[in-house]
Amino acid sequence: MLARGLVKRCPRCASRGMFLTWATLREKCRTCGLRFEGQEGGFLGAMTLNYVFAVGVWLLFFIAALAVTLPRVRVVPMLVGSLAIMVAMPLLLAPVSKSIWASIEFLILRGSPEYLEPVRASDDRASELE
């Protein structure tokens, strides 16, 4: 399910089209009806993931820049690189962090009645015949 989040697919049915625009998540899956934001304010988890990813990339940049430039660290290029990373990464990772968070919420709350797979019409007919 987390892999589905990485490729921006529905955590329940793996269908595409979770997003209306670059970072605007649909309310529900068009195929299975799963609500992508399980709770009010559920975007906070996606924002936290986004921040963690951005800081992780920045730390890698920072360590690599220090390793290359020691003992004469150039502050201005490191500052420019740091600013570029901390502005660009959250923008680039916004959809991925939202879809991963939707997958995490689904993993945690999938036993909740709202998250159960909807009953299909063919299943209703089969139970009526029995």
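Preceding block: the structure.
Here goes a summary of the coordinates provided. (Residues numbered from 1 in each chain as written. Predicted model: local features only at pLDDT ≥ 70, side-chain atom pairs only at ≥ 80, totals over all residues. Heavy atoms only, no water.)

Regarding the packing of aromatic side chains
- Tallied over the full model, the rule gives one aromatic pair.
- Note on Trp58 and Phe62: the rings are 5.1 Å apart at their centroids and 25° apart in plane angle, and the pair reads as stacked. Of the two residues, Trp58 and Phe62 are both situated in helix α2 (residues 43–69); the distance of four residues between them amounts to about one turn of the helix. (Phe/Tyr/Trp six-rings, centres within 6.5 Å; stacked < 30°, edge-to-face > 60°. Helix = DSSP H or I, 4+ residues; strand = E, 2+ residues; numbered from the N terminus.)

Quick look at the side chain of Ser15
- Mapped onto the fold, Ser15 is located in the loop between α1 (2–6) and α2.
- Residue contacts for Ser15: discarding those within four places in its chain leaves Arg9, Cys10, Cys29 and Thr31. (Contact = heavy atoms within 4.5 Å.)

Some thoughts on a nonpolar patch on the surface
- Side chains of Met1, Leu2, Leu107 and Ile108 sit close together on the surface and give an oily, nonpolar patch of about 350 Å² of accessible area.
- Take Leu107: it is sitting in helix α3 (residues 75–109). (Patch = residues over 30% accessible without salt bridge, like charges linked within 9 Å, V, L, I, M, F, W, Y side chains within 5 Å. Areas by Shrake-Rupley, 256 points an atom, 1.4 Å probe, with all protein chains shown as cover. Salt bridge = Lys/Arg side-chain N within 4 Å of Asp/Glu carboxyl O.)

Observations concerning α2
- In a regular helix each residue adds 1.5 Å, so 27 residues correspond to 39 Å; α2 covers 38 Å between its end C-alpha atoms and thus fits that length.
- Tucked into the core, α2 has its buried residues touching α3. (Expected span 1.5 Å × (residues − 1).)

Observations concerning the packing of α2 against α3
- Packing of α2 against α3 leaves a shortest axis separation of 6 Å and a crossing angle of 145°. α2 and α3 meet at a crossing whose hand is right-handed.
- Of the residues that constitute the contact of α2 with α3, the class distribution is 22 nonpolar, five polar and one charged. (Axes fitted to C-alpha atoms, helices over the stretch in contact; angles between N-to-C directions. Left-handed = near helix turned anticlockwise from the far one by under 90°. Nonpolar A, V, L, I, M, F, W, Y, C, P; charged D, E, K, R; others polar.)

Concerning the environment of Arg4
- Turning to its location among the elements, Arg4 is positioned in helix α1.
- Measuring from C-alpha to C-alpha, the distance between Arg4 and Ser99 comes to 8.1 Å, with 95 residues separating the pair along the chain.
- Apart from the residues lying within four places of it in its own chain, the contact partners of Arg4 are Arg9, Cys10, Pro11, Arg12, Cys13, Ala14 and Ser103.

Spatial relationships are all this shows, so hold off on functional conclusions.
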